[in-house]
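Each chain, letter by letter, is given below.
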Amino acid sequence: MPVLGPCKDGYVAYNYTDHQLCLKFVGNKVPYPEAAARCQAEGGDLFKLETVAKYTIMTDYLGA
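In what follows, the accompanying structure is described. Remember, it's a predicted structure, so these values are computed and weren't measured experimentally.

1. Description of the environment of C22
Thought 1: Of note, C22 is situated in strand β2 (residues 19–23).
Thought 2: Judged by its relative accessible area of 35%, C22 falls in the partly exposed class.
Thought 3: C-alpha of C22 to C-alpha of G10: the two residues are 12 residues apart in sequence and 9.3 Å apart in space.
Thought 4: Setting aside its immediate chain neighbours within four residues, C22 contacts C7, Y11 and V12.

What follows is the structure in structure tokens.
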């Protein structure tokens, strides 16, 4: 498993399979293309709930 480094300020780290996810919640409601562009401008992407593991990470992150 690779060595995981710290996430940027404002992000929270989670281990997912063989890599690290750095999550940041932004509560502003904006259209999808704008949200995607903002994420990409910070070097990331929107979080997609495509697996049960990612769903579990998101519910933990949001405290649900």
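2. A few points about the pattern of salt bridges
Thought 1: Under the defined criterion, the tally for this structure stands at 4 salt bridges.
Thought 2: Residues D45 and K48 are paired through a salt bridge, measuring 3.3 Å at the closest nitrogen-oxygen approach.
Thought 3: You can call D45 partly exposed: its relative accessible area is 48%.
Thought 4: Residue K54 pairs with E50 through a salt bridge whose shortest N-O separation is 2.8 Å.
Thought 5: Judged by its relative accessible area of 11%, K54 is buried.
Thought 6: Residue E50 is classed as exposed on the basis of its relative accessible area of 55%.

Thresholds applied
- All residue numbers refer to position in the chain's written sequence, counted from 1.
- Per-residue local features are limited, in this predicted model, to residues with pLDDT of at least 70; the limit for side-chain atom pairs, both in listing and counting, is 80 or more; totals at the level of whole chains, interfaces and linings are taken over all residues.
- Only hydrogens and water are removed before side-chain values are computed, so all heavy atoms of the structure are retained for them.
- Helix and strand labels come from DSSP, where a helix needs a run of H or I of at least four residues and a strand needs a run of E of at least two; each type is numbered from the N terminus.
- The rule is simple: take the accessible area with a 1.4 Å probe, protein chains only, and divide by the maximum for that residue type; under 20% is buried, over 50% is exposed, in between is partly exposed.
- Two residues qualify as a contact provided that any one of their heavy atoms is within 4.5 Å of a heavy atom in the partner residue.
- Each salt bridge in this description consists of a side-chain nitrogen of Lys or Arg and a carboxyl oxygen of Asp or Glu lying within 4 Å of one another.

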